[in-house]
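Topology and contacts: notes
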Amino acid sequence: MEVTMKYFGQLVDVIGSHEEQKSIKVNTTDELLQQLSENYAISHIPFQLAVNDQLIGDEEAVKLNDGDVVALLPPYAGG
Amino acid sequence: MEVTMKYFGQLVDVIGSHEEQKSIKVNTTDELLQQLSENYAISHIPFQLAVNDQLIGDEEAVKLNDGDVVALLPPYAGG
Amino acid sequence: MKKVFIEGPISSEFIGDSIAKHQSKTSIGAHNIFLGQVRADEVDGKHVSAIEYTCYEELANTKLEEIREEAFSKFDLVCMHIYHSLGLIKTGEICFFVFVSAKRRKEVYSATEWIVNQVKDRTPIYGKEIFEDQSHQWKVNS
Amino acid sequence: MKKVFIEGPISSEFIGDSIAKHQSKTSIGAHNIFLGQVRADEVDGKHVSAIEYTCYEELANTKLEEIREEAFSKFDLVCMHIYHSLGLIKTGEICFFVFVSAKRRKEVYSATEWIVNQVKDRTPIYGKEIFEDQSHQWKVNS
């Protein structure tokens, strides 16, 4: 399936993109993150996950569907 | 001697003036206030006294000199 | 001694200009502004239409200078300004403007609150609340 | 939902205009305004020359709406506004504007502080601090 990945803050530098369409073979956010951390050095960056504009709990693994938007959100720095 | 009297707030209404030159025969602020309260109904109005732009303590009686400026200051209401 | 008292209302343009003047100070990270606006309070069925402010300016300036010095020693500020109107200020118009600027945001709120309260408590300013029918009462700070 | 995000800096005229718009509300007695201004911080001998702000706008708007509702239930406010810049904001320019209005002054300071902190803590906004030599680091809120 296809998902839209959105990256913010420091993750933009590490991954080299702020948004991309991704064809994935995995089914859950857990597996997706596992795959990402194999491809990019992101393990030292703390971040939260949002699927379709909803924040996901740290221990939560969410089933993904075709067309989902997955955002990786490091600590906020507004103001 | 001559002193300048300055009245503020509610005292302006009661005394009917905000500033006046006054010839006085008394020598201290105590006596001056005594005299004022005989002439005007000011006893129900709380106020502080300042002589020459210096606040005077409630229990303090200050000797007056010719040319002094005596101000009667009800509770402040700025802001 | 900075000029605090302004004849008439404090305009929104004056406030905007004051903000603009602080944009060249690149050590400032946070501003906090308090504005007092004249309310159309209702008393016994009549509405306040304006407040006429007077003050004992000589003593007020001494007290404001004390407040300024104490504020800088109590709080870590880059700068601060106090403006208060004199004369007739209509409802909806601004009569009091406190402007605090600091490197970081942490202390600006309590600095502003402290300054506003000190000005109210320690500065000989008087407000005559004028009603629609031209009757009046003297403002009392709560 | 009110518009919060503004492309580019928040001008002093915009702030002045916002104040002017509140002068027809004669139930308001006190305004409190917080402004965040970009500081020329020094890091390892280099100075910040600008911050480039980005945000996850869909989630940010949801969070800002929550903050707005909670603010009205926590504090006795007449109105409140939040504005935050996106894009490149140079040092000395204003990137964050919180505007709280109430009948009385008592609660406006803590309402502003609470809103500022909630926006910082709960809204997915990012700032890229750009140095004079065009190198950068990602802003971290303390």
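For the structure, see preceding data.
Residues numbered from 1 in each chain as written. Chains lettered and ligands numbered in written order. Predicted model: local features only at pLDDT ≥ 70, side-chain atom pairs only at ≥ 80, totals over all residues. Heavy atoms only, no water.

1. Digging into the overall build of chain A
Tallying secondary structure elements over chain A gives two helices and five strands in all. Start at the N end of chain A and walk to the C end: the helices and strands fall as β-α-β-α-β-β-β. For chain A, whose C-alpha radius of gyration is 12 Å, the value lies close to the compact-globule estimate of 12 Å for 79 residues. Across its three principal directions, the C-alpha atoms of chain A cover 35 × 25 × 20 Å. Counting all 79 residues of chain A, 44% fall into the buried class. In chain A, 53% of the contacts between residues at least 6 apart in sequence involve partners at least 24 apart. Surface summary for chain A: the accessible area is close to 4100 Å², and the carbon and sulfur share equals 45%. The distance from the centre of the 4 positive side-chain charges to the centre of the 13 negative ones in chain A is 7 Å. (Helix = DSSP H or I, 4+ residues; strand = E, 2+ residues; numbered from the N terminus. Rg over C-alpha atoms; globule rule 2.2 N^0.38 Å. Buried < 20%, exposed > 50% of the residue type's maximum accessible area, 1.4 Å probe, protein only. Contact = heavy atoms within 4.5 Å. Areas by Shrake-Rupley, 256 points an atom, 1.4 Å probe, with all protein chains shown as cover. Lys, Arg positive; Asp, Glu negative; His and termini not counted. Charge placed at Lys NZ, Arg CZ, Asp CG, Glu CD.)

2. Focus on the packing of aromatic side chains
As enumerated under the stated definition, the model contains 20 aromatic pairs over all chains in all. Ring geometry for Tyr-109 of chain C and Phe-34 of chain D: centres 5.8 Å apart, planes at 25 degrees, overall stacked. Residue Tyr-109 of chain C is located in helix H3 (residues 108-122), and its partner Phe-34 of chain D is located in strand S2 (residues 30-37); the two belong to separate chains. Phe-34 of chain D matches Tyr-109 of chain C in its accessibility class, with the two residues each being buried. Ring centres of Phe-34 of chain D and Phe-96 of chain D lie 5.9 Å apart, and the angle between their planes is 70 degrees; this geometry places the pair in the edge-to-face category. Of the two residues, Phe-34 of chain D is situated in strand S2 and Phe-96 of chain D in strand S6 (residues 94-102); the sequence distance between them amounts to 62 residues. Here a set of aromatic residues connected by ring pairs shows up, and it is made of Phe-8 and Tyr-76 of chain A together with Tyr-56 and Tyr-126 of chain D. Stacked on the ring of Phe-131 of chain C, the Lys or Arg Lys-46 of chain C has its end atom at 5.0 Å from the ring centre. (Phe/Tyr/Trp six-rings, centres within 6.5 Å; stacked < 30°, edge-to-face > 60°. Lys NZ or Arg CZ within 6 Å of the ring centre and 35° of its normal.)

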